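The chain contents come next:
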Amino acid sequence: MTAWKDLELRVCRALGGERRGPTGRQKSDCTDDVPFAVQVKRSRRVGPPVLSKWILQAREDARKERKPWLVVVAGHNDRKPVVCQDFWSFVADQNELKRLRELLVQPEGVVSGG
């Protein structure tokens, strides 16, 4: 398997789905069970850079799939890819996580049940 296919596979599985593969033309890189329209890219450039055409591609996929978009970029031999997404989607996700943590984590001294 080529390095970019392996990266797509690892990213899609980490997000709870699978790599779409060659049937993914005109769609994002991950299967429909992933909550984002994902574009996974590898780059040999230092950075790794996020090219505007990648964002435009992800936005178009997101529009078609009615999901928030996500671009995941890894450099050559890079095991720590970076994520690019719409800032306000990021803020909304963080606020939702904060709200869920507050619901799930009870303050010390509070006894649950009976």
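In this convention, every chain numbers its residues from 1, walking through the sequence in written order. Residue-level local features of this predicted model are given only where pLDDT is at least 70; pairs of side-chain atoms are given and counted only at 80 or more, and the full residue set underlies all totals for whole chains, interfaces and linings. By convention in this description, side-chain values take in all heavy atoms of the structure and omit both hydrogens and water.

K.L.:
Describe unusual backbone geometry, naming the residues involved and giving the relevant values.
P.N.:
The backbone phi angle of R66 is positive, close to 55°, even though this residue is not glycine. For the purposes of this entry, the term helix denotes a DSSP run of H or I that reaches at least four residues, the term strand denotes a run of E that reaches at least two, and both are numbered from the N terminus. Looking at where R66 falls in the secondary structure, it is placed in the loop between helix 2 (52–65) and strand 2 (69–75).

K.L.:
Residue-level account of helix 1 (residues 3–14), with values.
P.N.:
In a regular helix each residue adds 1.5 Å, so twelve residues correspond to 16 Å; helix 1 covers 16 Å between its end C-alpha atoms and thus fits that length. For every residue, the accessible area (1.4 Å probe, protein chains only) is compared with the maximum for its type, and the residue is labelled buried under 20%, exposed over 50%, or partly exposed between those bounds. Regarding helix 1, the residues found buried are L7, E8, L9, V11 and C12. Contact definition: two residues touch when any of their heavy atoms are within 4.5 Å. Contact partners of the buried residues in helix 1: strand 1 (37–43) and strand 2. G16 sits one or two positions beyond helix 1 and adopts a positive phi of about 95°. The length a helix should cover is 1.5 Å for every residue beyond the first.

K.L.:
Which residues make up the sheet that holds strand 2, and what values go with them?
P.N.:
Should DSSP find at least two bridges between two strands, the strands are regarded as paired. A sheet is described by the order of its strands in space; here three strands give the open sequence 1-2-3, paired in mixed fashion. Whereas interior strands pair on both sides, the edge strands pair on one side only; in this sheet they are strand 1 and strand 3 (82–84). Neighbouring strand axes in the sheet, compared pairwise and without regard to direction, differ in orientation by 25° on average. Relative to strand 3, strand 2 runs antiparallel, the two sharing three bridges. What sits directly across from V71, in strand 3, is C84. As a rule, the C-alpha atoms of each element are fitted with a line to give its axis, helices using only the stretch in contact, and angles between N-to-C directions run from 0 to 180 degrees.

K.L.:
Requested: an account of helix 2, with residues and values cited.
P.N.:
With 14 residues, helix 2 extends 20 Å between its outermost C-alpha atoms, agreeing within 8% with the 20 Å of an ideal straight helix rising 1.5 Å per residue. Among the residues of helix 2, W54, I55, A58, D61, A62 and E65 are the ones counted as buried. In a view along the axis of helix 2, the buried residues occupy a sector of 125°, so they form one face of it. What points out from helix 2, more than 90 degrees from its buried face, is the exposed set S52, K53, L56 and R63. Where helix 2 is buried, its residues touch strand 1, strand 2 and strand 3. Working definition: the arc comes from the directions between the helix axis and the C-beta atoms, pointing outward to the latter.

K.L.:
Summarise the pairing of strand 1; cite the residues concerned and give the values.
P.N.:
With six of its seven residues buried, strand 1 lies for the most part within the structure. Strand direction decides the pairing type here: strand 1 and strand 2, joined by seven bridges, are parallel. Paired with S43 across the strands is G75, a residue of strand 2. For a crossover, the right-handed case is the one in which the path from the first strand over the helix to the second runs clockwise, viewed with the strands pointing away from the viewer. Note that the unit made of strand 1, helix 2 and strand 2 has a crossover that is right-handed.

K.L.:
Residue-level account of the pattern of salt bridges, with values.
P.N.:
Salt bridges are defined by distance alone: a side-chain nitrogen of Lys or Arg within 4 Å of a carboxyl oxygen of Asp or Glu. Applying the stated criterion across every chain yields a total of eight salt bridges. For E18, the salt bridge is made with R13, and the minimal N-O distance between the two is 3.1 Å. Here K67 makes a salt bridge to E65, at a shortest N to O gap of 3.8 Å. Judged by relative accessible area, K67 falls into the buried class, the value being 16%. The structure contains a network of salt bridges with shared partners spanning R20, K27 and D32.

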